[in-house]
Amino acid sequence: MKRSKSPAPTAIAPASPSELAASDLLGERVQDLVELWLRGVSPASAVSYRQAMHHFAEFLGLDIAGAALTLIEHYGKATVQAKAFRVHMLERKLAAATINLRVWALRSFVRHCKEAGLVQWDLAVKGVRSAAYRDTRGPGRDGVQAVLRSATNPRDKAMVWLMYGMALRRGEVLSLDLENVDGDRLWVLGKGARGQERRPLTIPKQVRKALDAWIKRRGDDPGPLFLSSHRADQEPHRLTPQGLAKVIAKLGIKAQLDRHVHPHGFRHTAITRALETSGGNIRAVQEFSRHRDPRTIMKYDDNREDRGGQI
């Protein structure tokens, strides 16, 4: 006797508009609550968290306000919906980092509401295990040079130089405004920084040359340093993480690299190269990469030396 396959988990049927409207006027203010939450995190996190909430809303068949309300209406419903969303992402075989970021965003919103006195619980949904820093090679020096040769757009070349020449993270590049380029210094909003807590970093000559070429093309209008490509009927806006990933992937294909290229790979290559040129100086490379924990640099160094393979 054959066993019938159990159906894949799906979202619980969302509440009707009348039920949402009856939630103590919270339904009318929940969008403002979401915006207040996003203003309390770094600009890079705000972009990622908004997208995470969008994907959760898409899973539920609601808009972002409705999805946010689902998380704070009732503890049991919020937990079941969030866990179903986690299973949904696992079945789609999304990367562990992607799943964990989206789960963390939902938990962050509920915690924000708890701090505001709107709920009395935390979201009891865990992330998934991931093997961090398994591959710290990136495209390698030759790969970076091939990508730079293939980049004909000054904007794209400047972004690659920032990620390689200064080991900037994707979010740090995308959060830059024109005013953050100050002579030979770049004011960077680092990982975990909030508001305007920017740190000045010295711009190497080659990076400065690429930035100057892009700013000359971009113009001196204030606002985001890196703008998206746009149609004639649309205003340009800040390049998104997805937009940057697409740009880098296309450059990798154009450069005929034999592996997929992603933005963080340039930072990986930069840190690995810094270890090579400094003779494995962990402290110096930690200053360059701005990692809080030197053990992270040690993982890069172990991978570079392949000590396990040597043994």
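See the structure above.
Residues numbered from 1 in each chain as written. Predicted model: local features only at pLDDT ≥ 70, side-chain atom pairs only at ≥ 80, totals over all residues. Heavy atoms only, no water.

S.K.: How do you make sense of the packing of helix 12 (residues 263–277) against helix 13 (residues 282–289) when you look at a structure like this?
M.R.: The axes of two packed helices give the description: the angle between them and the distance between them. One can describe the packing of helix 12 onto helix 13 by two numbers: an axis separation of 9 Å at closest approach and a directional angle of 150°. Our classification of the angle between helix 12 and helix 13 gives roughly antiparallel. Note on packing geometry: the crossing formed by helix 12 with helix 13 is right-handed. Contacts between helix 12 and helix 13 pair Arg-267, Ala-270, Ile-271, Ala-274 and Leu-275 from the former with Ile-282, Val-285, Phe-288 and Ser-289 from the latter. Here the residues of the contact of helix 12 with helix 13 are counted per class, giving seven nonpolar, one polar and one charged. (Axes fitted to C-alpha atoms, helices over the stretch in contact; angles between N-to-C directions. Helix = DSSP H or I, 4+ residues; strand = E, 2+ residues; numbered from the N terminus. Parallel < 35°, antiparallel > 145°, perpendicular 65-115°, else oblique. Left-handed = near helix turned anticlockwise from the far one by under 90°. Contact = heavy atoms within 4.5 Å. Nonpolar A, V, L, I, M, F, W, Y, C, P; charged D, E, K, R; others polar.)

S.K.: Teacher, can you tell me more about the pattern of salt bridges here?
M.R.: Side chains that differ in charge, positive against negative, can pair when their charged atoms come close. In total, this model carries twelve salt bridges according to the counting rule given. Close ionic contact of Lys-114 with Asp-122 constitutes a salt bridge, the shortest N to O distance being 3.0 Å. Among the residues examined, Lys-114 registers a relative accessible area of 36% and is labelled partly exposed. For Asp-212, the salt bridge goes to Arg-208, with nearest N and O atoms at 2.5 Å. Linking Asp-212 with Arg-208, this pair stays in helix 10 (residues 205–218), spanning four residues, or about one helical turn. Judged by its relative accessible area of 37%, Asp-212 falls in the partly exposed class. (Salt bridge = Lys/Arg side-chain N within 4 Å of Asp/Glu carboxyl O. Buried < 20%, exposed > 50% of the residue type's maximum accessible area, 1.4 Å probe, protein only.)

S.K.: Can you walk me through the side chain of Asp-177 in this structure?
M.R.: Within the secondary structure, Asp-177 sits in the loop between helix 9 (170–174) and strand 1 (181–182). Note on Asp-177: relative accessible area 18%, which makes it buried. In contact with Asp-177, not counting residues within four places along its chain, are Gly-223, Pro-224, Leu-225 and Arg-238.

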